[in-house]
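The chain contents come next:
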Amino acid sequence: MDIISDIKEMRVRSEKARNSGLSIAFVPTMGYLHEGHLSLLREGRERCDLLILSIFVNPTQFAPSEDLDRYPKDFQRDRDLAEKAGVDWIFCPKAEEVYPADFVTYVDVTGELTNVLEGASRPGHFRGVATVVTKLFNIIRPHIAVFGQKDFQQLAIIQRMVDDLNLDVEIVCKPIVRETDGLAMSSRNVYLSAKERQQSLAIFETLCNVSSVVRSGERSAQAILRLACGRLAKEKDLVIDYVKCCDPVSLHEVEKIDSDTVMLVAVKIGKTRLIDNHILCQEVQIQ
Ligand code: AMP
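Describing the sheet that holds strand β6 (residues 170-174)
Moving on, step 1. The sheet built from six strands is open, its strands ordered β1-β4-β3-β2-β5-β6 with parallel pairing. A single partner strand is all that each edge strand has here, and the edge strands are β1 (2-4) and β6. Strand-to-strand twist of the sheet, defined as the mean angle between neighbouring strand axes without regard to direction, takes the value 25 degrees.
Moving on, step 2. Sheet analysis places strand β2 (residues 24-29) next to strand β5 (residues 144-148), joined by two bridges and oriented parallel. Pairing of phenylalanine 26 across the sheet is with alanine 145, part of β5.
Moving on, step 3. Strand contacts of helix α8 (residues 152-164): β5 and β6, with the helix running at about 165 degrees to β6, the strand carrying the most contacts.

Things to note about the nonpolar core
Within soluble globular proteins, side chains that are nonpolar generally end up buried alongside one another.
Moving on, step 1. Membership of the largest hydrophobic core comes to 46 residues, with the highest contact counts inside it found for Ile52, Phe91, Phe137 and Ile171.
Moving on, step 2. No other element matches helix α7 (residues 125-140), which puts nine residues into this core.
Moving on, step 3. Mapped onto the domain boundaries, this core takes at least three residues apiece from domain 1 (2-174) and domain 2 (187-279).
Moving on, step 4. Each residue touching phenylalanine 91, except ones within four places of it in the same chain, is listed here: Ile4, Ser5, Asp6, Ile7, Met10, Ile52, Leu53, Ser54, Ile55, Leu136, Ile139 and Ile140.
Moving on, step 5. Membership of the second largest hydrophobic core comes to 24 residues, among which are Val210, Ala221, Leu225 and Ile257.

Some thoughts on the site of the ligand
Moving on, step 1. The environment of the ligand is made up of 16 residues, and the closest members are His37, Gly148, Asp151, Val177 and Met185.
Moving on, step 2. A distance of 2.9 Å separates an oxygen atom of the ligand from a polar backbone atom of methionine 30.
Moving on, step 3. Aspartate 151 has a polar side-chain atom sitting 2.6 Å from an oxygen atom of the ligand.
Moving on, step 4. Surface burial for the ligand is 92%, taken as the share of its 490 Å² of free accessible area covered by protein chains.
Moving on, step 5. If you list the elements that add at least two residues to the shell around the ligand, you get β2, α2 (35-47) and β5.
Moving on, step 6. Here the shell around the ligand takes three residues from α2, the largest share from any one element.

Here we look at the domain arrangement of the protein chain
Moving on, step 1. The assigned domain composition of the protein chain is domain 1 (2-174) and domain 2 (187-279).
Moving on, step 2. Summarising the inter-unit geometry, the C-alpha centres of domain 1 and domain 2 are found 26 Å apart.
Moving on, step 3. Taken residue by residue, the interface counts 22 residues in domain 1 and 21 residues in domain 2.
Moving on, step 4. In total, about 1900 Å² of surface goes out of reach between domain 1 and domain 2, with carbon and sulfur atoms giving 53% of it.
Moving on, step 5. By the criterion of area lost to domain 2, the three top residues of domain 1 are Arg70, Leu117 and Phe152, representing 34% of everything that side buries.
Moving on, step 6. For the pair domain 1 and domain 2, the number of links is two salt bridges.

Section: the sheet that holds strand β7 (residues 238-246)
Moving on, step 1. Read across the open sheet, the three strands follow the order β7-β8-β9; overall the sheet is antiparallel. What marks the edges here is a single partner per strand, and that holds for β7 and β9 (272-279). Each adjacent strand pair in this sheet contributes to an overall mean axis angle of 15 degrees, direction not counted.
Moving on, step 2. Sitting on the sheet, helix α9 (residues 194-215) is in contact with β7, β8 (262-269) and β9, with an inclination near 165 degrees to β8.

Considering the side chain of glutamine 154
Moving on, step 1. Looking at where glutamine 154 falls in the secondary structure, it is placed in helix α8.
Moving on, step 2. Look past the residues within four positions of glutamine 154 in its chain and what remains in contact with it is Phe126, Val129 and Phe147.

Thoughts on the environment of leucine 238
Moving on, step 1. Within the secondary structure layout, leucine 238 lies in strand β7.
Moving on, step 2. Counting along the chain gives 209 residues from leucine 238 to threonine 29, while the straight-line C-alpha distance between them is 27 Å.
Moving on, step 3. When sequence neighbours within four positions are dropped, the list of residues in contact with leucine 238 reads Gln199, Ala202, Leu232, Val267, Lys268 and Ile269.

Rules used throughout
Position labels on residues start from 1 in each chain and follow its written sequence. Local features in this predicted model are restricted to residues of pLDDT 70 or higher, and side-chain atom pairs are both shown and tallied only at a pLDDT of 80 or more, whereas totals for entire chains, interfaces and linings draw on every residue. Heavy atoms from the whole structure form the basis of all side-chain values; hydrogens and water molecules are not counted. Strands are labelled as partners when DSSP assigns at least two bridges between them. Helix numbers and strand numbers start at the N terminus; a helix is a DSSP run of H or I with at least 4 residues, a strand a run of E with at least 2. All axes here are fitted lines through C-alpha atoms, helices being fitted over the stretch that makes contact, and every angle between N-to-C directions spans 0 to 180 degrees. Working rule for contacts: check all heavy atoms of both residues, and any pair within 4.5 Å makes them a contact. Only buried Ala, Val, Leu, Ile, Met, Phe, Trp, Tyr and Cys residues count toward a nonpolar core, and they belong to the same one when joined by side-chain atoms within 4.5 Å. A simple rule labels every residue: compare its accessible area, found with a 1.4 Å probe on the protein chains alone, to the largest value its type can have, and call it buried under 20%, exposed over 50%, or partly exposed in between. An automatic or database domain assignment is the source of the domain bounds shown. For this purpose, a residue is taken to be near a molecule or strand whenever a single non-hydrogen atom of the residue falls within 4 Å of it. Counted as a polar contact is a pair of N or O atoms within 3.5 Å, where, for protein atoms, one must be capable of donating a hydrogen and the other of accepting one, and residues adjacent in sequence contribute only when both atoms are in side chains. Only the protein chains shown count as cover for residues, with accessible areas throughout obtained via the Shrake-Rupley method and a probe of 1.4 Å. The term buried area denotes the loss of accessible surface (1.4 Å probe radius) that occurs when two parts are joined, taken as the sum for both partners. The term salt bridge refers to a side-chain nitrogen of Lys or Arg lying within 4 Å of a carboxyl oxygen of Asp or Glu.

Below, the structure written as structure tokens:
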């Protein structure tokens, strides 16, 4: 496994691989890998000849008040996990090279997809995400890029950007990987104290409750949201940012739960912000 930090070297290597007929799978991450990331890597490994993982904590997607400086890092551990997952190349560019001092060009997916949910709570976040993903796609030129359903809105925005800009890459989505007790895996889970970790289980419990109530026939989004907020509010240190039932493509809020409605949740527990989601109305049980 090779580790590449130079943008030009990455571009040249990737272009050579593409020209020699190899298919390229790309998994962008901010590192501190967990089983969720590894599931994306396994998908890429299965589908393509060459598997590229990027590890880059992207400064433009963090607001000044957010956790850029304390975002967890362990390159040695990431490297071992990546190697075991069959990664061919890790691309870990330097922030100064990705965003030189004279950098002024951003990719902005406008409109309702980016104004709501995470976009409303974290202004500028998706501009940073769309910009860095476009840059990484341009440098690597992968055939497929694998993302997690965990960041549901991010996935919808990236798919829209790929469609709108005619980018030549297939976006692949993998389901949310959870801890055995149901908490969605996230690099940020390490921030949680034992007590906060316990309280965070309310998120999964809420998604499970709501899911089973919908399966037994409830179709009113208002009733479902009342139920969800009631359960979450029982946790003393948990502050609800949003709980919404949305159309999975437009992310418009719905009044009636339909097949494919997605429930999206964001909460703050102590200093940690957690997000999760689940497609309601599916026959399959939430895992
Ligand atoms: P991050 O390193 O948090 O930026 O995430 C990199 C990629 O991993 C994104 O596509 C995420 O959606 C995905 N991811 C993060 N957590 C999970 C999870 N628990 N299950 C599946 N994919 C995940």
